Amino acid sequence: MADSETPIQTNNVDSNPQQPALWQRVLFSGPFIGLFFFCTLFAYALLTFGAAEYMGVKDSGVTRELVAHFHDQILRRQLEMAALACLMGLALGLLSSLQWRLVLRSRPALRPWVRGVLHLVTIAALHTFFLLRSVVHRPQLYTEMLYDRGGIFARLQGLATDHLPLIAFDIAQIGYLCVLGTLATIAFWTSRSSWATWRYRRLAIGTTLVVIAGGTGLLVAAVHEEGPAPSLASANQPNVLFIAIDSLRSDRIDGGGPRSGIAPTLDRLARSGTHFTRTYTVLPRTFPSFVSILTGTMPHTHGIRHMFPSPAELKRPRPSLASFLAQKGYQTAVVTDYAGDIFSRISLGFQDRVVPTFNLDAMIRLGTIKLHTNLLPYVVDLFGRNVFPALRGSEKLSDPAWLTDDAIHWLRHRDNSRPFFLTLFYSVAHFPFAAPYPYYRSYTNARYHGPFKYHKSKFGIKPSADDIVQVKRLYDGCVWAVDHELARLFRFLEKSRLFRNTIIVVFSDHGENLYEKNHGITHGEHLFGEQSLRVPLILHYPKAPGQGTRVGQLARTIDIAPTVLELLGFKPPEPLDGTSLVPMMRGETLPLTALIETGVRFPATEATELDRLGIRYSSRFEAFIYDVRTTDLWLRRSFEPEVLLAKHRALLDGNYKLLYIPHRSGVIWRLFDLGRDPDEMHDISTTAPRVLSRMKRKLSRLVLRDPRVLQLGEFFVPRRDHK
């Protein structure tokens, strides 16, 4: 009888008589191992931090100053990232626990440390998977961690980005979710006791929820379209859509040169609309150029002469196309990414602004995110810009798909009873040419292993011939990325019956130098060549004259606003420096001239010709000042006269181009006949004295319209009495 009362021992894994201690169960659990793993990654990022970086430039002195003045903001941002690290550690740890409970449920109990090792390996594998997927999708974010270190790290990143398709990761995720779902189903139906049934069925239900959530996330990430497009046609008044593509050169559009053909959507629009093939910016920097475009006035009229105007200058009222159309009942909006941070600094009449912020606080937020590279897959791909709005200001995350999504979302949710004026500004073709998958490898050579494999990462490196080819191909990939998204946007406009009643204007704020002659790269520091000065301009509107034609007359970006106003039947509220191009669209001749000036010169220029020509006035960041309270950043007032004195100027009149280049030893003049010498190889200033004299007089008349400037000999110098 005594033996019959002895409890029956079963082989059930869950009735282990030697349960590990509580501290062992906690220490070697999936969530704790996940916390340990991600906290280690967080600490490693802090310990290996060197200096703050922006646009390929690092400055340890600036970093020390930021820490000294903004340590509270920096600490808060680091705590936010630490919280994210803990969250992801818990999430992956719980997923590991779920996985191994399903796998080991019918096997003998393992020692706690063995379970800990399994969790560590699983969490590391899951993190590596997400990291590798993000590396293939946006390799520019990881070059400092991998490619720039050389050796096996560079080879691993190159192997992944050159050979792995992004869809392979999506298939692997789906496969993993299917395996979890299968294990959950088995656990649900093969439980052998009432207690185990309840336990494992809870486990199966939890796994099923994970599978559903993961599958839904993959579906949302893979599909950009938001369902069928309803009819969004507004009143009879035409809509206006500005599509600006930063740094877009005119030779990338239909018939512009040997590199045309990389933008088939824009080519079709150019052939069906009016294509102005000889259009020039008035200042090849984004801020002053865009203000000129929207106001129809020159920089000396509206007052924005460079990228860093003072708070007082920014507060000046400036009538613009957006403010005027808003008064006429239009709903106005601007949608942009990192290069469009100018719209957060100045009011130009837009009622809705989906734009990044430009100040030191935004840079600190973004710098904190950049610092923790191992968290980027979750920051960027899981949470995105809604949780981390600073991502919109990242020069390595200018994804045109995101911008198109924002534009379509705004169009869907606007007031359909009113016409709209939407400005959509894509930044991906701007330095550092950091296009996402697959565009960064669309035109590049997989055998290239130089410093610019994924983007133009640094200034000041003397490029080889292969480097130059690589940078140009990266640029072409960026243009194609925008073009692909414009095709999606135009399909939406067609389906929603907006396309035919919308004036679509495609343009750029400036072009881009891509190592032609000795002109270096980027824009705005000199006026040599036409690559950074000449921009595409396409106007598409079925009811406008001149559709399906090419106009080869000289035009300026300041002519866009008055042209749109005339097509809408409105008169400008006040005199503009620009002129309507509608007469050109009708086939008439307009003898326009273009005056162009430079902005602030940065010392990191790679234009070797500029190193010999021009006036240097600052070193790195000494010319800038900031407000500790607002974190706004602007050019020191004491540098304003030197910036004005050092400006290069160009005048284009007919086929002639005159360059004014101030130098400490005197003014240098260069004159070119672009009709015979489009590459500016032969200076004719000494062989065509009459043309030179005439062009000098015309240039002086136009420059002296600026109330801040007077002429002293051949120099244009700032007035001391002007406020």
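The rules behind each value
- Residues numbered from 1 in each chain as written.
- Predicted model: local features only at pLDDT ≥ 70, side-chain atom pairs only at ≥ 80, totals over all residues.
- Heavy atoms only, no water.
- Helix = DSSP H or I, 4+ residues; strand = E, 2+ residues; numbered from the N terminus.
- Buried < 20%, exposed > 50% of the residue type's maximum accessible area, 1.4 Å probe, protein only.
- Areas by Shrake-Rupley, 256 points an atom, 1.4 Å probe, with all protein chains shown as cover.
- Pairing = 2+ DSSP bridges.
- Axes fitted to C-alpha atoms, helices over the stretch in contact; angles between N-to-C directions.
- pLDDT = per-residue confidence, 0-100.
- Contact = heavy atoms within 4.5 Å.
- Phe/Tyr/Trp six-rings, centres within 6.5 Å; stacked < 30°, edge-to-face > 60°.
- Lys NZ or Arg CZ within 6 Å of the ring centre and 35° of its normal.
- Core = buried A, V, L, I, M, F, W, Y, C linked by side-chain atoms within 4.5 Å.
- Polar contact = N/O pair within 3.5 Å; in protein donor to acceptor, adjacent residues only side chain to side chain.
- Expected span 1.5 Å × (residues − 1).
- Arc of directions from axis to C-beta.
- 1 Å grid on protein atoms, 1.4 Å probe; cavity = no way out; pocket = protein on both sides within 12 Å on 5 of 7 lines; lining within 4 Å.
- Points joined across faces, edges and corners; volume = space filled by probe spheres on them.
- Nonpolar A, V, L, I, M, F, W, Y, C, P; charged D, E, K, R; others polar.
- Patch = residues over 30% accessible without salt bridge, like charges linked within 9 Å, V, L, I, M, F, W, Y side chains within 5 Å.
- Salt bridge = Lys/Arg side-chain N within 4 Å of Asp/Glu carboxyl O.

Quick one: what's the story with the overall build of the protein, residue by residue and with numbers?
Counting its regular elements, the protein contains 22 helices and 21 strands. Of all 723 residues assigned to the protein, the portion counted as buried reaches 55%. Put simply, the protein shows about 32,000 Å² of open surface, and 58% of that area lies on carbon and sulfur atoms.

Could you give an account of the sheet that holds strand β19 (residues 666–673), naming the residues involved and the relevant values?
Strands sit in the order β14-β17-β18-β19 across an open sheet of 4 strands; the sheet is antiparallel. Edge strands, defined here as strands with exactly one partner in the open sheet, are β14 (593–597) and β19. Taken pair by pair, the neighbouring strands of this sheet meet at an average axis angle of 15°, ignoring direction. Sheet topology note: the strand β18 (residues 656–663)/β19 ladder contains 8 bridges and is antiparallel. Bridged to Pro662 within β19 is Val667.

With reference to specific residues and values, describe the confidence of the model for the protein.
Detailed reading of predicted coordinates is not advised where the pLDDT is low. Residues of the protein with pLDDT of at least 70 account for 86%, and the chain-wide mean is 88. Low pLDDT, under 50, characterises residues 1–17; the stretch is placed with 12 contacts to residues that sit more than four places away or in other chains.

Which residues make up the packing of aromatic side chains, and what are the values?
Applying the stated criterion across every chain, the model contains 25 aromatic pairs. Plain terms: the ring middles of Phe38 and Tyr378 are 5.8 Å apart, the flat faces sit at 65° to each other, and that makes the pair edge-to-face. Taken as a pair, Phe38 in helix α2 (residues 30–47) and Tyr378 in helix α15 (residues 376–387) lie far apart in primary sequence, 340 residues in all. Tyr378 matches Phe38 in its accessibility class, with the two residues each being buried. The lysine or arginine in question, Arg149, covers the ring of Phe153, its NZ or CZ lying 4.0 Å from the ring centre.

So what's going on with the nonpolar core? Which residues, and what values?
Formed by 82 residues in total, the largest nonpolar core has its most connected members in Phe242, Leu325, Phe343, Phe421, Val505, Phe507 and Leu539. Of all the elements, helix α18 (residues 560–568) adds the most residues to this core, at 6 residues. Ala333, Ile408, Val479 and Leu489 belong to the second-largest nonpolar core, a separate cluster that totals 49 residues.

Any chance you could break down the side chain of Thr295 for me, citing the residues and the numbers?
Residue placement: Thr295 occurs in helix α10 (residues 286–295). Polar contacts involving the side chain of Thr295 include one to the main-chain carbonyl oxygen of Val291, which spans 2.6 Å. At a separation of 2.6 Å, a polar atom in the side chain of Thr295 contacts the side chain of Thr297. With residues up to four places along the chain from it excluded, the contact list for Thr295 reads His302, Pro319, Ser320 and Leu576.

Tell me about helix α6 (residues 151–163), residues and numbers included.
With 13 residues, α6 extends 18 Å from end C-alpha to end C-alpha; this agrees with the ideal 18 Å at 1.5 Å per step. Within the sequence span of α6, burial applies to Ala154, Gln157, Gly158, Ala160 and Thr161. Angular distribution of buried residues about the axis of α6 spans 165°; they occupy a single face of the element. Turned more than 90 degrees from where α6 packs its buried face, Arg155, Leu159 and His163 sit exposed. Along its buried surface, α6 packs onto α5 (112–137).

An account of empty space enclosed by the protein is needed here, citing residue identities and associated values.
Counted by the stated rule, this structure contains 4 cavities of 30 Å³ or more. The space that makes up the largest cavity amounts to roughly 70 Å³. What lines the largest cavity is simply Glu525, Thr598, Gly599, Arg601, Leu610, Gly614, Ile615, Tyr617, Ala646, Lys647 and His648. Classifying every residue of the lining of the largest cavity gives 4 nonpolar, 4 polar and 3 charged. As a volume, the second largest cavity reaches approximately 40 Å³. Put simply, the parts of the chain that give the lining of the second largest cavity at least two residues each are β11 (534–540) and α18. Of the residues forming the lining of the second largest cavity, the biggest block, 3 residues, is contributed by α18. Its residues placed into classes, the lining of the second largest cavity shows 7 nonpolar, 1 polar and 1 charged.

Explain a nonpolar patch on the surface to me, and be specific about the residues and the numbers.
Judged by side-chain polarity, Leu22, Trp23, Val26, Leu27, Phe32 and Phe36 come together as a nonpolar surface patch covering roughly 620 Å² of accessible area. Going through the elements one at a time, α1 (22–27) and α2 are the ones with two or more residues in the nonpolar patch. At 4 residues, α1 tops the list of elements feeding residues into the nonpolar patch. Within the element layout of this structure, Phe36 appears in helix α2. The class of Phe36 is exposed, set by a relative accessible area of 52%.

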